[in-house]
Amino acid sequence: MIKPFVPQLVYIEPRALEYPRGVELKEKFEKMGLEIRETTSHNQVRNIPGKNHLQQYRNAKSTLVVGVRKTLEFDSSKPSAEYAIPLATGCMGHCHYCYLQTTMGSKPYIRTYVNVDEIFEQAQNYMEKRSPEVTRFEASCTSDIVGIDHLTHSLKSAIEFFGQTDMGRLRFVTKFHHVDHLLDAKHNGKTRFRFSINADYVIKNFEPGTSPLDMRIEAAVKVAKAGYPLGFIVAPIYVHEGWQEGYKVLFEKLDASLPKEVRDDITFEMIQHRFTKPAKRVIQKNYPKTKLELNEEERRYKWGRYGIGKYIYPKDQEQELRETLEDYVDHYFPTAKVEYFT
């Protein structure tokens with residue numbers, strides 16, 4: 001049973017206490033008896049305990065930093081949305097393949113930002129600039145925001161903020177089942193709640209510290225019954241012994257659990273496994289015993305943005321993966337919208 005995340009250590013930026021949410025969080029963590037330290041900046045957290053890299057990395061993953069988001073320019077989040085809305089950074093999960101290991105580098109701790117009203121104000125500016133087009137915001141580009149929201153409630157605030165807009169839509173994805181506090185949010189159908197799902201082999205071997213598949217599916221049913229538009233990300237699609245059967249079982253479980261009345265507007269995003277050379281180095285440093293297959297010779301090289309290419313499956317294997325997964329969706333969820341990414 002994966003319990004809701006509780007940090008072992010909390011750092012608070014002094015400026016965060018100038019915001020009501022910062023004061024509330026400090027009081028909450030004091031009542032929980034957590035160790036609280038001060039840091040000058042959420043970008044400069046030092047002295048994470050640990051005798052070596054692995055200990056420090058694991059301790060950082062259970063450290064929460066409460067700060068103020070200074071950069072209010074939103075990054076692009078194509079193709080899933082127009083913008084990434086920066087509510088949090090970092091994740092307590094230990095997914096071996098995760099790109100956050102590379103992008104976050106020496107700062108694997110979790111950050112939550114208390115100046116949410118300023119962030120929403122900026123989101124409003126972006127919506128007004130793009131009006132009359134709808135603007136989509138992705139809340140999980142740099143974090144699994146659901147994993148900390150039972151503590152921070154910034155995601156719940158965002159859901160209700162976008163619920164009251166005409167031209168804004170919110171979306172995010174999670175591997176956690178702790179969704180009960182979000183079920184009564186006034187979302188007005190403007191937030192797509194997505195769950196990351198995978199074959200049991202992938203979850204068991206490469207996603208430590210996250211909720212089991214059955215609990216994610218159970219949470220997805222709750223969310224759909226609460227009226228949220230629902231989506232699933234199958235990622236990474238990973239070749240392993242018996243992968244066809246593993247993914248078939250995944251869709252059978254989903255089909256057996258999701259009520260017919262919530263299937264009209266389901267989306268599936270499929271993303272095959274890929275890695276870069278820098279990512280491989282970081283993965284092997286953080287998870288030296290991983291079973292994750294990272295052999296460049298068995299992949300093809302695809303040029304990427306910023307000159308960093310990625311290693312993806314050979315074309316024949318990729319085609320088989322794609323056709324198999326799309327057949328499963330077509331069989332069990334014929335009205336769903338499907339996107340496939342390499």
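Scroll up for the structure.
The rules behind the values
Residues numbered from 1 in each chain as written. Predicted model: local features only at pLDDT ≥ 70, side-chain atom pairs only at ≥ 80, totals over all residues. Heavy atoms only, no water. Helix = DSSP H or I, 4+ residues; strand = E, 2+ residues; numbered from the N terminus. Rg over C-alpha atoms; globule rule 2.2 N^0.38 Å. Buried < 20%, exposed > 50% of the residue type's maximum accessible area, 1.4 Å probe, protein only. Contact = heavy atoms within 4.5 Å. Lys, Arg positive; Asp, Glu negative; His and termini not counted. Charge placed at Lys NZ, Arg CZ, Asp CG, Glu CD. Salt bridge = Lys/Arg side-chain N within 4 Å of Asp/Glu carboxyl O. Patch = residues over 30% accessible without salt bridge, like charges linked within 9 Å, V, L, I, M, F, W, Y side chains within 5 Å. Areas by Shrake-Rupley, 256 points an atom, 1.4 Å probe, with all protein chains shown as cover. Pairing = 2+ DSSP bridges. Axes fitted to C-alpha atoms, helices over the stretch in contact; angles between N-to-C directions. Core = buried A, V, L, I, M, F, W, Y, C linked by side-chain atoms within 4.5 Å. Expected span 1.5 Å × (residues − 1). Arc of directions from axis to C-beta. Phe/Tyr/Trp six-rings, centres within 6.5 Å; stacked < 30°, edge-to-face > 60°.

> Whenever I open this one, the overall build of the protein chain confuses me. Can you help?
A tally of helices and strands in the protein chain yields 11 helices and 15 strands. Taking 342 residues into account, the globule formula puts the C-alpha radius of gyration at 20 Å, and the protein chain, at 20 Å, falls close to it. In terms of principal-axis extent, the alpha carbons of the protein chain reach across some 55 × 50 × 40 Å. Burial analysis of the protein chain (342 residues in total) assigns 55% to the buried set. Sequence separation of at least 24 residues holds for 76% of the intrachain contacts in the protein chain that already meet a minimum separation of 6. Averaging the positions of the 50 positive and the 46 negative side-chain charges in the protein chain gives two centres separated by 5 Å.

> Would you mind going over the pattern of salt bridges with me for this structure?
Two side chains with opposite charge may pair up if their charged atoms get near one another. Overall, the coordinates contain 22 salt bridges when judged by the stated rule. Its salt-bridge partner being Glu296, residue Lys277 comes within 3.4 Å of it at the nearest N-O pair. Taken together, the residues span a long stretch of sequence, with Lys277 in helix 10 (residues 277-286) and Glu296 in the loop between helix 10 and strand 13 (300-302) at a distance of 19 residues. On the accessibility criterion, Glu296 (16% relative accessible area) is buried. Here the residues in one salt-bridge network are Glu138, Arg171, Arg194 and Glu269, joined through shared partners.

> What exactly am I supposed to notice about a negative patch on the surface here?
Taken together, the side chains of Asp316, Glu320, Glu323, Asp327 and Asp330 present a region of like negative charge at the surface. Relative to the assigned elements, Glu320 resides in helix 11 (residues 315-332). By relative accessible area, Glu320 is classed as partly exposed at 38%.

> Explain the sheet that holds strand 6 (residues 88-89) to me, please; I cannot follow it from the model alone.
Consider a sheet: its strands pair through backbone hydrogen bonds, and that pairing is either parallel or antiparallel. The strand order across the open sheet built from five strands is 2-1-3-7-6, with neighbouring strands paired in mixed fashion. The sheet terminates laterally at strand 2 (35-38) and strand 6, the two strands that pair on one side only.

> Any chance you could explain the sheet that holds strand 4 (residues 76-77) here in plain terms?
The strand order across the open sheet formed by eight strands is 4-5-8-9-10-11-12-15, and the pairing between neighbours is mixed. Each edge of the open sheet carries a strand with a single partner, namely strand 4 and strand 15 (337-341). Pairing geometry for strand 4 and strand 5 (residues 81-84), over two bridges, is antiparallel. Opposite Ser77, over in strand 5, you have Ala81 as the bridge partner. The strands touched by helix 11 are strand 11 (230-237), strand 12 (266-272) and strand 15; relative to strand 15, the strand with the most contacts, the crossing angle is about 165 degrees.

> I would appreciate a short explanation of the environment of Met127 in the present structure.
Following the sequence through the fold, Met127 ends up in helix 4 (residues 116-130). Sequence-wise, Met127 and Gly168 are 41 residues apart; in three dimensions their C-alpha atoms are separated by 6.4 Å. Ignoring anything within four residues of it in the chain, the contact list for Met127 reads Thr135, Phe137, Phe161, Phe162, Thr165, Met167 and Gly168.

> Explanation requested: the nonpolar core in the structure shown.
Soluble globular proteins tend to bury their nonpolar side chains together. Residues Ile85, Tyr247, Phe251 and Phe268 are the most contacted members of the largest nonpolar core, which totals 93 residues. Looking at this core, the element that brings in the most residues is helix 8 (residues 213-225), giving seven residues. With near-sequence residues (within four places) excluded, Ile85 lies in contact with Phe74, Ile119, Phe120, Ala123, Phe137, Glu138, Ala139, Phe162 and Leu170. Counting seven residues, the second-largest nonpolar core is a separate cluster that includes Leu9, Val45, Ala60 and Val65.

> I would appreciate a short explanation of helix 11 in the present structure.
In an α-helix there are 3.6 residues to a turn, and that puts residues three or four apart on one side. Between its terminal C-alpha atoms helix 11 stretches 26 Å, which fits the 26 Å expected from 18 residues at 1.5 Å a residue. Glu318, Leu321, Thr324, Leu325, Tyr328, Val329 and Tyr332 are the residues of helix 11 that are buried. Down the axis of helix 11, the smallest arc covering the buried residues is 140 degrees, so these residues share one side. Across helix 11 from its buried face, at more than 90 degrees, point the exposed residues Lys315, Asp316, Asp327, Asp330 and His331. For helix 11, the secondary structure elements touched by its buried residues are strand 11, helix 9 (243-257), strand 12, strand 13, strand 14 (310-312) and strand 15.

> Would you take a moment to explain the pairing of strand 5 for this structure?
As a general feature of sheets, a regular strand has side chains that alternate between the two faces. The hairpin turn running from strand 4 into strand 5, its antiparallel successor, is three residues long. The pairing of strand 5 with strand 8 (residues 135-138) spans two bridges and is classified as parallel. What sits directly across from Tyr83, in strand 8, is Phe137.

> Honestly, the packing of aromatic side chains in this entry has me stumped. Any pointers?
What characterises a pair of aromatic rings is the spacing of the ring centres plus the angle enclosed by the ring planes. Applying the stated criterion across every chain, the model contains 20 aromatic pairs. Aromatic side chains Phe74 and Phe137 sit 6.1 Å apart centroid to centroid with 85 degrees between the ring planes, which places their arrangement in the edge-to-face category. Placement of Phe74 in the loop between strand 3 (63-67) and strand 4 and of Phe137 in strand 8 is noted, with a sequence separation of 63 residues between them. For Phe137, a relative accessible area of 0% gives the class buried. Their ring planes at 65 degrees and their centres at 5.1 Å tell us that Tyr301 and Tyr311 sit as a pair that is edge-to-face. In this pair, Tyr301 is assigned in strand 13 and Tyr311 in strand 14, connecting sequence segments 10 residues apart. Given a relative accessible area of 38%, Tyr301 falls into the partly exposed group. On the basis of relative accessibility, which here comes to 12%, the residue Tyr311 falls in the buried class.

These values are about where atoms sit, not about what they do.
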